[in-house]
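Residue-level listing of the chains:
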Amino acid sequence: MRFSKEVKVGIFMVTGIVLLYFGFNFLKGVDFFSSHHKYYAVFDNVDKLTPSNQIFLSGLAVGRVSDIRILQNKRNKVLVELEISSEVKIDRKSTVILSGDLLGTKYLLLDIGVIIDPLPPGDTINAQLDKGIADLLAENAVPVAANLQSTLRKLNIVLDNLASNTGKLDTILLDFQGTPIQIKGMLRNINGKLSEVTDEIGGVTRNLNGKLDQLEPTLANFKVLSDSLKQIEINGTLKKVQGTLARLNETLGKLNSKDNTAGKLMNDDELYNNLNALLLSMDSLANHLNSNPKHFFGPLGQSRKKIERDLEKQKKDN
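If you're wondering where the values come from, they're calculated on a predicted model, not measured in any experiment.

J.: Give me the overall build of the protein: which residues, what numbers.
T.: Looking only at helices and strands, the protein has seven helices and seven strands in total. When the elements of the protein are put in sequence order from the N terminus, they spell out α-β-β-β-β-β-β-β-α-α-α-α-α-α. Per-residue burial over the protein gives 14% buried out of 318 residues. Across the protein, the fraction of contacts at a sequence separation of at least 24, relative to all contacts at a separation of at least 6, is 55%. Carbon and sulfur atoms form 60% of the exposed surface of the protein, whose accessible area is close to 25,800 Å².

Here's what the structure looks like:
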């Protein structure tokens, strides 16, 4: 069966229109191969939101804005129709948030939370506007403005005090203008006094130099006298030491010779032995006297024989 050119052109046009429609909707985010549920959200202001803007859940696109209508009977609020994937379950307490990026592109964010009471398709989701940059700047500008106002108040107080003290500052500056003149006069007086003091010091120095010149012969005489006194004392001391050494040598010589008693005691053994025997006899006599005083202190004394008998008896008793 052969078609005419007109039929072929008609079929081509219909096919192109169908492909254009599906392609345009695909570019808008319409997925023809997955099912969607429709929900609604009511905003006071959509801030240039347009159909086909994406809906994100945890950063993943789960739907799009399918339609936007204004509700004039409800104080010009805006009804937004949402197409959300049927796989996404929404709770009655869920919220859809209108937000945007720095380039001005608007999108919706889903905050589902915990699914306790599921929201059926066709129902209305709670709507909320996200805080934009302008809102954040406005919020942060409030404390900055308050601090600026406080700073301006303090600055005004400082300026008022400065204005009230202007007269005092003028008086102080006038006093400062006269101060250099007074300082110059003081410096002149000081220079004159310093010159006088310098001259006096020079005169005293010259007098001292003259006195020192006069004292030089006297100091020389004192030095000679001191040297003489030292020489006299040293000579007398040396003579005394020499005499002492001579007498010591004489004494040592006498001790070394046998012509005297001390020399004999130090050099003669026989005299030493006799003296030792004498001391032993005296020791024995003293012991006998301590042991038998009656042998010596009797009225007529005792005979030698009786004393010997007593000593033998004592030996036997011991």
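J.: Residues and numbers for the environment of Ser 52, please.
T.: Looking at the secondary structure, you find Ser 52 in the loop between strand S1 (36-43) and strand S2 (54-57). Take Ser 52: its relative accessible area is 22%, and that puts it in the partly exposed class. When the C-alpha positions of Ser 52 and Glu 83 are compared, they lie 9.6 Å apart, and in sequence the two are 31 residues distant.

J.: Any chance you could break down the nonpolar core for me, citing the residues and the numbers?
T.: Counting 21 residues, the largest nonpolar core has Phe 43, Val 80, Leu 82, Ile 84, Val 96, Leu 108 and Ile 125 as the members making the most contacts within it. Going through the elements one at a time, S1, strand S3 (60-71), strand S4 (77-85), strand S5 (95-100) and strand S6 (106-111) are the ones with two or more residues in this core. In contact with Phe 43, other than residues within four places in its own chain, are Lys 77, Val 78, Val 80, Val 96, Leu 98, Leu 108, Ala 127, Gln 128 and Leu 129.

J.: Could you give an account of the packing of aromatic side chains, with specific residues and numbers?
T.: For the structure shown, the criterion picks out one aromatic pair. Consider the rings of Phe 56 and Tyr 107, whose centres lie 5.7 Å apart with planes at 90 degrees: the pair is edge-to-face. Note that Phe 56 is positioned in strand S2 and Tyr 107 in strand S6, a separation of 51 residues in sequence.

The rules behind each value
Residues numbered from 1 in each chain as written. Predicted model: local features only at pLDDT ≥ 70, side-chain atom pairs only at ≥ 80, totals over all residues. Heavy atoms only, no water. Helix = DSSP H or I, 4+ residues; strand = E, 2+ residues; numbered from the N terminus. Buried < 20%, exposed > 50% of the residue type's maximum accessible area, 1.4 Å probe, protein only. Contact = heavy atoms within 4.5 Å. Areas by Shrake-Rupley, 256 points an atom, 1.4 Å probe, with all protein chains shown as cover. Core = buried A, V, L, I, M, F, W, Y, C linked by side-chain atoms within 4.5 Å. Phe/Tyr/Trp six-rings, centres within 6.5 Å; stacked < 30°, edge-to-face > 60°.

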